Structures are given as structure tokens and as C-alpha cells.
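Fold and contact review
Now for the letters of each chain:
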Amino acid sequence: MFDQRLFQPSFLQEVDARVRLGCAVGLCLCLSLLGDVYACLVGLAVSALLLLLARPCWQPLLCRLAAINVFVVFLWCVTPWSVPGEELMRLGWLTISVQGVRLSLLVSLKANAIAAVFLALVGTMTAPELGHALERLHCPTKLVFLFLFTARYVHVLGQEWRVLFTAAKLRGFRPGTNAATYRTLASLLGLLLVRSHERAQRVHEAMLLRGFDGSFRSVTVFHAGPRDLGFALLLLLCAVGIVTLELCGVPYV
Amino acid sequence: MHIAEGVLSPGVLAVGYALTAAGTTLGLRRLDYDRLMTTGILAAAFFVGSLVHVPIGFSSAHLILNGLLGVLLGWAAFPAILAALTLQALLFQFGGLVVLGVNTCSMGLSGVAAGWFFRWMSRVWPTPAGRRTAAFLGGALGVAGAALLTALALTCSEQGFATAAALLFLAHVPVMLAEGCITMFTVEFLRRVRPEMLPDKDKEANHA
């Protein structure tokens, strides 16, 4: 229900999920630590290239990127005039500072670069794939279990919420800012929670009946071959290049 | 409430990860396999509930529900919120890998604190009016704490974000009230329909 296809099949999806997850974490952390505009620009170029390699479906992808940039736009509205510093220009009583614009620019570049890396490397996985990859990377078993369970039931509960809401609308429910709306929404939410609770108990009993003993047996088999290693090395080289650029620091205006 | 990637400084990100790791470890330790399904499905309900838009004046806001989750789950709310936020990052790219620590920490800590507050208050004021107030304040405290911690994370990262952080917090004041009302009505609904879902101490207060 919440799954939207963002990517067409590409060679990126054939790379081992653990390798992709590891590379994504490394590259995202490396990008988030940057403080140099040129290094960020190179980082954005690398991540855009990765995104292109993942063969995206453009329309849904652009919607996602727009949603990510809402916060960035909010920062652009506030930061340029709220950061004190050298005056760049004056708009009425607001002084736009060089430091403020630089900070906003840095944040926009970094936010988009990290989002693109995440989309290209992790966004191409399904939730179960990510869960199993996390398990193989020695994430706590209970946490992986919780994640897989949540991922499984999100769709079921989303459907249930839709049914409840449609039923309420058919009975003449029109949302507005009043106590009746809040009471109705809270009752629907309460009903959703009660039903989830009951479903959880049923599922738990069914799993006990099938011999659930707390361990999770995955049938997904991961193979990391020379190609995966090459991919990881290539990304590592890119990260090293970006960090070198950051440390050497080309002077800018 | 989700901070975009690339905004926060390394120090703040590291503190976020550390607190999230500690909270999640504590939450998982308190969570046995018998409650794992319930927690997982409640985390899914939290995910779905947080997509619900509530009208506030001329605008609308989506619920956060971390206060309600803290009331229902206690410390186990921490791993539940982590799981739900990871899923949100994967499916919608709200938040992401790098800020996952800070986001989980801001929502989880305030959710757990809201749960504590709810339990404490329903113990000291065990009348129906007291329990309603406790639920309202619990829900509002969940959002207030999350907004405050998010604003704090922004300000600590870069002094220049202080104004943006203050605006962000102020924008959440109406959401606090709405969330408080929703939490109050939901807890009231659960008490009537399925009291065993609410924390034990509260039930004792109910019988007394």
C-alpha cells in the first residue's frame, strides 16, 4: 500500500544488499561531515551519478526529492538573514549575510547528496531485504524482528485505517477544527490500536503453534563476489577523493 | 519533526546515535518475545497514525503519537520508534540514515518521558478528571519534548540555526494541543473498550 516503485531494475540492485547498506552508511556519514562547498559539489555529483545508475522513474522520484527539500526551503527562508556576518545585500530591514547564504547553500548540497545516495543504494531494497541485510550485519535480533514485523503490518493497518475512515465518511464525518472531529479521529485511532492488539495476539498464538522459539530463520542467501567488492572499492575511492578535497580545501570566495 | 540530512553537526549526530543506542538497548532488554508482536504491530499503528492529518484552524498537521506510544509501551517505545522511523526513511525518505539517531532520540526520549509522566500523574490524581488531564498532558508533552529536543539539536549544531529552531518550536505549539486532545480521547476510548492495553499501575488506580 505504501510501496511506490521508484526504480527500474538495474545492476545496482544486483549488488549484495549488505555491501550496498555498508557503502550507503559510509558515504552518507562521510558526506554529512563535509564543511567545504567544493567538496559538497563533488559529493553531489557522485551521488547524482549513483542515482542515474539506479535507473529511477522520474516523476515519483522528483516528488520525493521535493518533499525532502521542504525543510531545506524553510532553512533558506530563515538562515540567510538570521546569521550575523558580512553584509551581502539589504532587503528592507533584513540584512542578508554572506555566512548565512553559505550555510544554507552547504545544507542544501549536503541534504540532496545524502538523500540521493540513500535513494540509490538503500531505496532500491525492499523492507524484508533491508531487514535480512541488517541481521547479517549483526544488528540485534529482536530489533530486526521488530523492524520486519512493523514492515509487514504497516500495509495491513494502513488498509484497515482506510476502511475505518471511509466508513466514518459514509456516515457523514466531515473533518473540521472542533471537539467532535478530534473525538471521532481519536475513536478511529483507538479502534485501530484495539484491532492491532487483537491481531498481534492472534499472530503470536499462531506463531507459537508453528514452533516459534525466538530465533529468526531467513531463507535469503547473500553472496558477495568480486563484483560487489569492486563496487565497494570504487565508492571508497570516491569517498577518499571527497575527503581529500575537503582537507586540502581549495580557497573560495 | 524530521530534520533533513546534512544539517546537523558531527557532535550532535554522535550524541543522537549514542542516546538512541542506549535507549534501544534498554528498551529491548525490557521487551521479551511474548510482547514483541504487540510492540511490532503497535509500531506499525504508530507509523499509520502519524500519517493521519488533523485539521487545526485553516491548516492541518500530521500526528506524531510518540506520547501515546510511550504511554502504552513504556521503554519499549524506543525500539518501536526506531523501527517505525527506519521504515519511514526507507519508504518515504523522511529523515534518513544520518539523522536517524537524532530523530529517534528526540521522539523516543520525549515519548518515554510522556509515559512516565502519565503513570505518575494517574497515580497521584486517580479520578476520571485526573486521568484525562494526565493523558492530555502526556500527549502534549510527547510533542513538546520532541520539538524542544529537535530545536536544541539544531541550535547546538550551528548558532545560525537558532532563529529557525525557535520558529520550528513555535510552529509545533498548536500541534501539541491537538495531539494532547487526540491522546486524551484515545486513552479514554481504550480505557472503556480494552483497559488491559493501558499500563498496569494505571489499572490498579482504576480499581481503587
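**Focus on the overall build of chain A**
Helix and strand counts for chain A come out as 8 helices and 2 strands. Ordered by position from the N terminus, the helices and strands of chain A form the series α-α-α-β-β-α-α-α-α-α. Taken over C-alpha atoms, the radius of gyration comes to 24 Å for chain A, far larger than the 18 Å a tight globule of 253 residues would show. With the C-alpha coordinates of chain A rotated into their principal frame, the extents come out at 65 × 60 × 30 Å. Evaluated residue by residue, chain A yields a buried proportion of 47% over its 253 residues. The contacts of chain A with a sequence gap of at least 6 include a subset with a gap of at least 24, amounting to 78%.

**Some words on the packing of helix α7 (residues 162-171) of chain B against helix α8 (residues 173-193) of chain B**
Axes are the key here: two packed helices are described by the angle between their axes and the distance separating the axes. Residues and elements named next belong to chain B. As a packed pair, α7 and α8 sit with axes 4 Å apart at the nearest point and diverge in direction by 30 degrees. In terms of their interaxial angle, α7 and α8 are classed as roughly parallel. Side by side, α7 and α8 meet where Phe-169, Leu-170 and Ala-171 of the first sit next to Val-173, Pro-174, Val-175 and Met-176 of the second. Tallied by class, the residues present in the contact of α7 with α8 amount to 7 nonpolar, no polar and no charged.

**Side note on the pattern of salt bridges**
The full count for this structure, using the stated rule, is 8 salt bridges over all chains. With its nearest N and O atoms 2.5 Å apart, the salt bridge here joins B:Arg194 to A:Glu198. A residue pair is termed interchain when its members come from two chains, as with B:Arg194 in the loop between α8 and α9 (200-207) and A:Glu198 in helix α7 (residues 179-209). Judged by relative accessible area, A:Glu198 falls into the partly exposed class, the value being 29%. For B:Glu196, the salt bridge goes to B:Arg194, with nearest N and O atoms at 3.8 Å. A residue is classified by how much of its surface remains accessible, and B:Glu196, at 46% relative accessible area, is partly exposed. If you follow the salt bridges from partner to partner, you end up with A:Glu198, B:Arg194 and B:Glu196 in one network.

**Here's the deal with the side chain of B:Ser122**
Residue and element names in this part refer to chain B. Counting through the fold element by element, Ser-122 comes out in helix α5 (residues 100-124). According to the relative accessible area criterion, Ser-122 is buried, its value standing at 1%. In terms of polar contacts, Ser-122 uses its side chain to reach the backbone carbonyl oxygen of Phe-118, at 2.5 Å.

**Considering the domain arrangement of chain A**
Splitting chain A by domain gives domain 1 (11-125 + 223-248) and domain 2 (132-209). Measuring from the centre of the C-alpha atoms in domain 1 of chain A to the corresponding centre in domain 2 of chain A gives 33 Å.

**Some words on a nonpolar patch on the surface**
Residue and element names in this part refer to chain A. The grouping of Leu-88, Met-89, Leu-91 and Val-98 at the surface amounts to a nonpolar patch, some 340 Å² of accessible area in total. No other element matches the 3 residues that strand β1 (residues 87-91) contributes to the nonpolar patch. Within the secondary structure layout, Met-89 lies in strand β1. A relative accessible area of 42% places Met-89 in the partly exposed class.

What counts as what
- Residues numbered from 1 in each chain as written.
- Chains lettered and ligands numbered in written order.
- Predicted model: local features only at pLDDT ≥ 70, side-chain atom pairs only at ≥ 80, totals over all residues.
- Heavy atoms only, no water.
- Helix = DSSP H or I, 4+ residues; strand = E, 2+ residues; numbered from the N terminus.
- Rg over C-alpha atoms; globule rule 2.2 N^0.38 Å.
- Buried < 20%, exposed > 50% of the residue type's maximum accessible area, 1.4 Å probe, protein only.
- Contact = heavy atoms within 4.5 Å.
- Axes fitted to C-alpha atoms, helices over the stretch in contact; angles between N-to-C directions.
- Parallel < 35°, antiparallel > 145°, perpendicular 65-115°, else oblique.
- Nonpolar A, V, L, I, M, F, W, Y, C, P; charged D, E, K, R; others polar.
- Salt bridge = Lys/Arg side-chain N within 4 Å of Asp/Glu carboxyl O.
- Polar contact = N/O pair within 3.5 Å; in protein donor to acceptor, adjacent residues only side chain to side chain.
- Domains from an automatic or database assignment.
- Patch = residues over 30% accessible without salt bridge, like charges linked within 9 Å, V, L, I, M, F, W, Y side chains within 5 Å.
- Areas by Shrake-Rupley, 256 points an atom, 1.4 Å probe, with all protein chains shown as cover.

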